[in-house]
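# Descriptive structure summary
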Amino acid sequence: MDPRFIEILRPSVSVSVDGATGVEITPDTDLRALGIDSMAAIELLFTLEDTFGISLPDADLNDETFATAGSLWQAVAAQISPGQSSPGQVAA
């Protein structure tokens, strides 16, 4: 997962349901269990689209896409142009 993606998620999952802080974000991180509801998902979507210069297709705007950090990253990564580089990566 791209470091920018993780930094965008961090504020949304900074406090888990039990109040613990410093949650590690992995591909298996359950976004709903960490408080990302439908309103937070919309805000997250706008931020991701702006940051990565993409637009997620309507087909990806569903519960499965927003279930985990990994599933959301897969949807975002699929929209990134092959020549568009990410921090720490060399453009093709």
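Above this text you will find the structure in question.
Because the structure is predicted, anything quoted here is derived from the model rather than measured.

### A word on helix 3 (residues 69–79)
Buried within helix 3 are the following residues: Ala69, Gly70, Ser71, Leu72, Trp73, Ala75 and Val76. Those residues of helix 3 that are buried lie in contact with helix 1 (3–9) and helix 2 (38–52).

### Notes on the pattern of salt bridges
If charged atoms from side chains of opposite charge come close, those side chains can pair. Taken as a whole and assessed by the stated rule, the structure comprises three salt bridges. With a closest N to O distance of 3.3 Å, Arg4 and Asp2 form a salt bridge.

### Brief notes about the side chain of Thr29
In this structure, Thr29 sits in the loop between helix 1 and helix 2. Among the polar contacts made by the side chain of Thr29, one reaches the main-chain amide nitrogen of Thr26 at a distance of 2.7 Å. Apart from residues no more than four positions distant in its own chain, Thr29 is found in contact with Glu24, Leu34, Ala67, Thr68 and Ala69.

### With respect to the environment of Leu72
Here Leu72 is to be found in helix 3. Separated by 71 residues in the primary sequence, Leu72 and Met1 have C-alpha atoms spaced 9.9 Å apart. In this structure Leu72 touches Phe5, Leu9, Leu31, Leu44, Leu48, Thr65 and Phe66, once residues within four positions along its chain are discounted.

Parameters at a glance
Residues numbered from 1 in each chain as written. Predicted model: local features only at pLDDT ≥ 70, side-chain atom pairs only at ≥ 80, totals over all residues. Heavy atoms only, no water. Buried < 20%, exposed > 50% of the residue type's maximum accessible area, 1.4 Å probe, protein only. Helix = DSSP H or I, 4+ residues; strand = E, 2+ residues; numbered from the N terminus. Contact = heavy atoms within 4.5 Å. Salt bridge = Lys/Arg side-chain N within 4 Å of Asp/Glu carboxyl O. Polar contact = N/O pair within 3.5 Å; in protein donor to acceptor, adjacent residues only side chain to side chain.

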